[in-house]
Structures are given as structure tokens and as C-alpha cells.
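# Structure assessment
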Amino acid sequence: MAPLTAKIEARSLNFYYGPKKALKDIHLVCYENRVTAIIGPSGCGKSTFIRTLNRMNDVVPGARVEGQILLDGESVHSPKVDVVELRKKVGMVFQKPNPFPKSIFDNVAYGLRINGLRNRDKIAGIVERSLNEAALWDEVKDRLDENAFALSGGQQQRLCIARALAVEPEAILFDEPCSAIDPIATAKIEDLIQRLKTKYTVVIVTHNMQQAARVSDYTAFLMLGDLIEFGETRQIFTAPANKLTEEYITGRFG
Amino acid sequence: MRLKQAAKKKIVQVAGFILLRVCLYLVLAVLLLFLYDIGKKGGGAISWEFLSQAPRRGMTEGGIFPAIYGTFLVTLVTAVLAIPLGMFAAIYLNEYAKQTRLTRLIRLSIRNLSGVPSIVYGLFGVILFVNILKLGTSILSAGLTLGLMTLPWTITASEEALKTIPNSYREGALALGATKWQAIRTNVLPYALPGMLTGTVLGLARAAGETAPIMFTGAAFALPILPKSLGDQFMALPYHLYIMATQHHDIARVRPLAYGTALVLIVLVLGMNMAAVILRYRLRRKRR
């Protein structure tokens, strides 16, 4: 494996929804070419955390951030950073597959077109490459003009991954990507995440501990907005330092 | 005991069902009776001459073409004002404005405006467009007045249409590096447009049938020639009907013509509503 480089880093990160504090003083590093899993019980702030990384929470009314998120050492909240550029660099796959009501091809081409790419051959090339990367090409290559809603849930989610890959991000955030799809499709996506880390930095939020254990290199355990423990996945799951972590991963609460 | 209760439940269920059905039939019956009456009494007046000629001999003969033409022009002005302004206002309200007490108040005011009697719009139009802006009694003044009256409907319908678009379309686009406007333009508006247009055309159809807002702002009793510009006065179907039915010196004699006018007006409004439905259907199908 490549040597460890910090790609995304949270420093003293606090997050508020109006008066409610959703994240409390989070320090966490997501390394390049590694998969970092965020686990924890419902309402612990997992999704809030991952959505601060590409500033998707900007659009939530009353949301406020304190502290820093660094991407390659530069604060994503610095006035120099264009949030549109940030989101191109840090892609996101949502909990519920959200294909657009367009053709399969147009879904993947969407990010390219809004970024001004007009060359048809180039677009077609990138669409094919992205669908290949998302392990979907063979299933859809003969039906690229069909509406994306015609795909199964698992295929839709891989389509959303392909769509995110098309704009050539550096990191990809997965917000519980398998919670709405069946186990076989889940296995495919987990497989895919393993392959994606050779090129990208991957962060995945999951409520499924087995999934975190299977796919991730590092795991962060959050509870009620606090980062309880962060470390190598193997250590977290075999020798957790914190009592709460141990109770959670052994299934004593959830 | 339990059986009895089940039977009672079933009776209530069936009775409720029948009640609802009867209500629907009642409404339908009134509508059909109304259409039948107007169709029967007005159908005889309809001819090519009636549709293509101007009224003659103090409106006792001839047709209603100037009124059809005037209604067409004034509705066009209404559309030009109400469609873009209403849609953009709705986009702002739903997509950009922060949901504060102020925006809630604005939204409530807009809803209330759609309930303001049309005569109030008419008088307001006289003051604003005819007197203050010096547009005179003209197609323009009347069309703008109708446009103002239609705006609350357009805004409300457009906003409702925008609300039906799932947030995941917006977020999905933003997450790919779209600007807010790009996300709205490419991933929200195309899907909201059928609904927005339907609501808008329904509003226009209502405006086309209004009398009160145009009678002081531009509609004329009778004109010897067709309007040549938007600054001229015009004849309009609803106003013409109003005159034929209540203000004419020989009401009994022109009654068939009045019914004919009513029939044309109704067919026009129904036609616009049908067009809205067809438009929505085709746009939706194209998206599939």
C-alpha cells in the first residue's frame, strides 16, 4: 500500500443545527488511498460529519460550522475555496440511490455537461470509463438510452457512483450507500469500494458494523456527536481502547 | 354481537361510499345541465359568419369576431406578464428565499391576493395603468390588470410544482459540482415545468373569462374597427356577453346571440384547459 498521506482532516470540528450541537470537537484524519468508515448509533452525527466534508450542509437552514476541515492541508471554508470546485474534488454518493429522471448515459454525463464539456466523443469516452469503474458497464452498455429508473436499486446506486466518478474527484464520500439495497447488491458495492481506494480517498458512513469491518482501513466511532474512538479498523474491532466502542461493536446497544 | 358490529361497519362503509358518489354526480349534473342549456340555446347562433364578422345594426345582427380577437390579444398580454413573472417569483420563493417569518408572510399574502374580488383588480388597474402610468384605456392596461390578477395563481401553482421535485435532484446535482442555478435550471425546472405550465394556463383561462378587470381599463362597448395596436381599446367576449345580456336596448331580440357568445367563451376556456392537460401529458411523456 501507498504511504499514508492525510487527504481530509477535521480539526476541532463543531457543528450546530441552530442551537443544537450535532458534532463536538471532532479530530479525525482520512488518509489517501484508504477507506475510512464512520460508525455509530442513529443520530450520532455520522451523516452530519460526512456532509460537512463537501459542505453539503451549507444548504441546511440554521447550520453552522466551527473549527476546520482541511483538504490537502487547505481549509475548505477558506474564502479562497470555491464550494463548486470543492464538490467536484470531493464527490458524494447518497443513502438512497438518487438517479436523475434521465437516461443512463445522461446521468453519468450530467456532471461533465454542467462543467462545460461539450465534445461528444470525449463525453462518451468518460461515460464508458466511469461505468466500467463502477462495475456497471457490462450490465447497461446496450441500454444506455433507457431511463435510469428502469435499473434495479443496486444498479441505480452503482450508476450514482459512476456519475460521481465521471467528474474525476479525488475523494468520494459514501453516506450509508447500502442501506436501501439488497445483500447481493451490497456485496457488489463493497467490492467496488475496495477497488476504488486504489485511486481515491474513500470515506463511508455505515450503520452496519460488519460492513465497516469488511471494507475499511480506519474506523471512527461516533456517539451523540462525540468522537469516541478512531484508529485502524483491525484494532477498533479486535482491541477497542474505549469501553463504549467495545459495547457498541459487540452489539450491546445500537 | 361481534357479527352485528361488523354488519354495522359495513353499512357505514357503503353509506359513506354512496354519499360521496352522489355528491360527485350532483356536481357533474349541474355542470352538464349548464353546458346543455347553453349549447342548446347558443348552438343555433354559431355559424362561420358569427365567428368571422363584426356585429351589425346595433349588435342585433352579425358576429362577434372583434370580441374574439380582443380577448385573444388581451390574454396574450396577460400571458406575457404573468407567465415569466409568476414562474420566476415562484423559483425565488421556493428555491432561494430563506424560509423565515417574512417569506411565510409573503406567501400568505400571495395566497390571499388570489381571493381578492376581480372588480378590485379592475379599479386598481384604472388607477395604476390608466391614470398613473398613462397607458390609457387600452389592451395593454387591461392585459396588465388581468396579469396582476393572474399572478397569485401562477406563483402558487408554480411553487406547488417546484415542491413536488425531490430534494435529492437538487442535492445530487450540487454534489457533482453544479452551482445552485445550474442545479435548478438543469435538474429541477425541466421536471417542474409541466406542472408550472398547467397551473399557469388554468390561470390564463380564468383571466380570459373575466369582465370586471377589463371593463374600466380597456374593453369597449362596441368598436367600428379592430384595434391596431396595444394602445387601442378593444372588444372582449366576456364584456360583450355582459352587454348583450344586460345592457342592450333590445335584450329579448339579441338573446340567441348572447347565448352564442357564451358558448364561444366557454368553448374557448375549456379549450385552454384542455390544452393545459394535453401539454402536461406530452411534456411528462417526453421525460420518460
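In case you missed it, the structure is sitting above this.
Throughout what follows, the structure given in this document is the object of discussion. Everything quoted here is computed from the prediction, not taken from an experiment.

How each quantity is defined
- Residues numbered from 1 in each chain as written.
- Chains lettered and ligands numbered in written order.
- Predicted model: local features only at pLDDT ≥ 70, side-chain atom pairs only at ≥ 80, totals over all residues.
- Helix = DSSP H or I, 4+ residues; strand = E, 2+ residues; numbered from the N terminus.
- Rg over C-alpha atoms; globule rule 2.2 N^0.38 Å.
- Buried ≥ 20, exposed ≤ 12 C-beta atoms within 10 Å, placed from the backbone.
- Contact = placed C-beta atoms within 7 Å.
- Nonpolar A, V, L, I, M, F, W, Y, C, P; charged D, E, K, R; others polar.
- Axes fitted to C-alpha atoms, helices over the stretch in contact; angles between N-to-C directions.
- Parallel < 35°, antiparallel > 145°, perpendicular 65-115°, else oblique.
- Left-handed = near helix turned anticlockwise from the far one by under 90°.
- Expected span 1.5 Å × (residues − 1).
- Bend = angle between axes of the 7 residues up to and from the residue.
- Pairing = 2+ DSSP bridges.
- Right-handed = clockwise from strand over helix to strand, strands pointing away.

Let's shift gears to the overall build of chain A. Secondary structure summary: chain A contains ten helices and ten strands in total. In summary, chain A has a C-alpha radius of gyration of 18 Å against a globular reference of 18 Å for 254 residues, a match within 12%. Expressed as lengths along the three principal axes of its C-alpha atoms, the size of chain A is roughly 55 × 45 × 35 Å. For chain A, the proportion of its 254 residues judged to be buried stands at 46%. Pairs at least 24 apart in sequence give 69% of the contacts found in chain A among residues at least 6 apart.

All right, on to the interface of chain A and chain B then. Each side of the interface is counted separately: chain A has 21 residues, and chain B has 18 residues. Mapped onto the side of chain A that touches chain B, the elements with two or more residues apiece are α2 (83-89), β6 (90-93), α3 (104-114) and α6 (153-166) of chain A. When its residues are assigned to classes, the side of chain A that touches chain B shows eleven nonpolar, six polar and four charged.

Here we take up the packing of α3(A) against α6(A). Residues and elements named next belong to chain A. Packing of α3 against α6 brings their axes to within 7 Å, and their N-to-C directions diverge by 30°. Relative to α6, the element α3 is oriented roughly parallel. Once α3 is placed against α6, the crossing between them reads as right-handed. Facing Ile-104, Asn-107, Val-108, Tyr-110, Gly-111 and Leu-112 of α3, the residues of α6 in contact are Leu-159, Ala-162, Arg-163 and Ala-166. Residues of the contact of α3 with α6, tallied by class, amount to seven nonpolar, two polar and one charged.

To continue, consider helix α6 (residues 139-163) of chain B. All names here are of chain B. Taking 1.5 Å per residue as the helical rise, α6 with its 25 residues ought to reach 36 Å, and the 35 Å between its terminal C-alpha atoms agrees with that figure. At Thr-150, α6 shows its maximal bend, which comes to roughly 40°, and the proline Pro-152 appears one to four places after that position. Among the 25 residues that make up α6, 23 are buried, leaving the element largely enclosed by the rest of the structure.

With that out of the way, let us pick up the pairing of strand β8 (residues 201-205) of chain A. All names here are of chain A. With five of its five residues buried, β8 lies for the most part within the structure. The pairing of strand β3 (residues 35-39) with β8 spans four bridges and is classified as parallel. For Val-35, the partnering residue across the bridge sits in β8 and is Val-202. With five bridges connecting them, strand β7 (residues 171-175) and β8 associate as parallel partners. Note on β8: the bridge partner recorded for Ala-171 is Thr-201. Where the polypeptide runs from β7 across helix α7 (residues 183-196) and back to β8, its parallel neighbour, the crossover connection is right-handed.

Here we come to unusual backbone geometry. Residues and elements named next belong to chain A. Here Arg-55, not a glycine, exhibits a phi torsion of approximately 60°, which is positive. Looking at the element boundaries, Arg-55 is found in the loop between α1 (46-53) and β4 (63-71). Backbone geometry places Asp-72, a non-glycine residue, at a positive phi of 50°.

The subject of this paragraph is helix α7 (residues 167-175) of chain B. The set of residues buried in α7(B) consists of Tyr169(B), Gly172(B), Ala173(B), Leu174(B) and Ala175(B). Elements that come into contact with the buried residues of α7(B) comprise α2 and β6 of chain A together with α8 (180-187) of chain B. Looking one or two places after α7(B), you find Gly177(B), whose phi comes out positive at around 90°.

Sheet topology places strand β1 (residues 6-17) of chain A next to strand β2 (residues 20-31) of chain A; eight bridges connect them, and they run antiparallel. Each residue of the ladder has a partner; that of Ala6(A), found in β2(A), is Tyr31(A).

The analysis is restricted to geometry; functional conclusions fall outside its scope.
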